[in-house]
Amino acid sequence: MSVGVQGLYHPHTTMDISAVNALPYEDFVNIFGNVVEKCPIITAAVWSMRPFASLSALEAAISEFIDALPESGKEGILRCHPDLASRDLHGGTLTRESREEQARAGLDALSSAEASRMAQLNVEYKERFKFPFVICARMNDKANILRQLSERCGNERAAERARGIEEVKKICRLRLQGLVLTDAPNKL
Ligand SMILES: NC(=O)N[C@H]1NC(=O)NC1=O
């Protein structure tokens, strides 16, 4: 294992679920602490629910923990996310996961027109909802992200809070799949 930015461990190989279940909580939090961006408290809490029968069971435990939070807690999770394509992307202050996801969607290589449109819409969104726009960057390209950011600015706050949390769960699923072997298809 190697220690990455933010002090999180990044195993070189994916683990199977029994290896995950055998982890003491310190290692579990070090490895999985950022599956929900900057919310290691979620990881630390779900450790109590092990053993997990499968990767999907671990994912479901995280999802249920999030769903049980009050609306303020869900907004708190959204507020832990960095703005997409913000100046931080070049400044190196993002978590490794977030930087890689944004780069994969092409957000590190926007034209200046795209960058200022994105910045302007991010401000508009945050002024309206008081939390940042969150979308699973790995499932979208930059054109799609800009379009959705613009469209979602017109939503109601409760709908947008729920939508942001859905996106957090998609980001979480992809981050987990990078760390744990996916369940064998013949077991599903
Ligand atoms: N604001 C926002 O959506 N941030 C995130 N999206 C994503 O895929 N990774 C992130 O950090």
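Provided above is the structure to which this section pertains.
Definitions and cut-offs
- Residues numbered from 1 in each chain as written.
- Predicted model: local features only at pLDDT ≥ 70, side-chain atom pairs only at ≥ 80, totals over all residues.
- Heavy atoms only, no water.
- Helix = DSSP H or I, 4+ residues; strand = E, 2+ residues; numbered from the N terminus.
- Buried < 20%, exposed > 50% of the residue type's maximum accessible area, 1.4 Å probe, protein only.
- Contact = heavy atoms within 4.5 Å.
- Areas by Shrake-Rupley, 256 points an atom, 1.4 Å probe, with all protein chains shown as cover.
- Lys, Arg positive; Asp, Glu negative; His and termini not counted.
- Charge placed at Lys NZ, Arg CZ, Asp CG, Glu CD.
- Near = heavy atom within 4 Å.
- Polar contact = N/O pair within 3.5 Å; in protein donor to acceptor, adjacent residues only side chain to side chain.

Draft legend 1. Representation of the overall build of the protein in the model. The helix and strand tally for the protein stands at 10 helices and two strands. Based on the C-alpha atoms only, the size of the protein along its principal axes is roughly 50 × 35 × 35 Å. Buried residues in the protein amount to 45% of all 188 residues. Sequence-distant contacts in the protein: of pairs separated by 6 or more residues, those separated by 24 or more amount to 66%. Accessible surface, the protein as shown: approximately 9,500 Å² in total, 53% of it carbon and sulfur. Positive and negative side-chain charges in the protein, numbering 24 and 25 respectively, have mean positions lying 2 Å apart.

Draft legend 2. Fine view of the site of the ligand. Taken together, the neighbourhood of the ligand is formed by Pro82, Leu84, Ser98, Glu101, Phe133, Val134, Ile135, Cys136, Ala137, Ile171 and Arg175. Ser98 has a polar side-chain atom sitting 2.7 Å from an oxygen atom of the ligand. Here a nitrogen atom of the ligand sits 2.6 Å away from a polar atom, N or O, in the side chain of Glu101. Compared with its free state, where it exposes 290 Å², the ligand has 100% of that area covered by protein.

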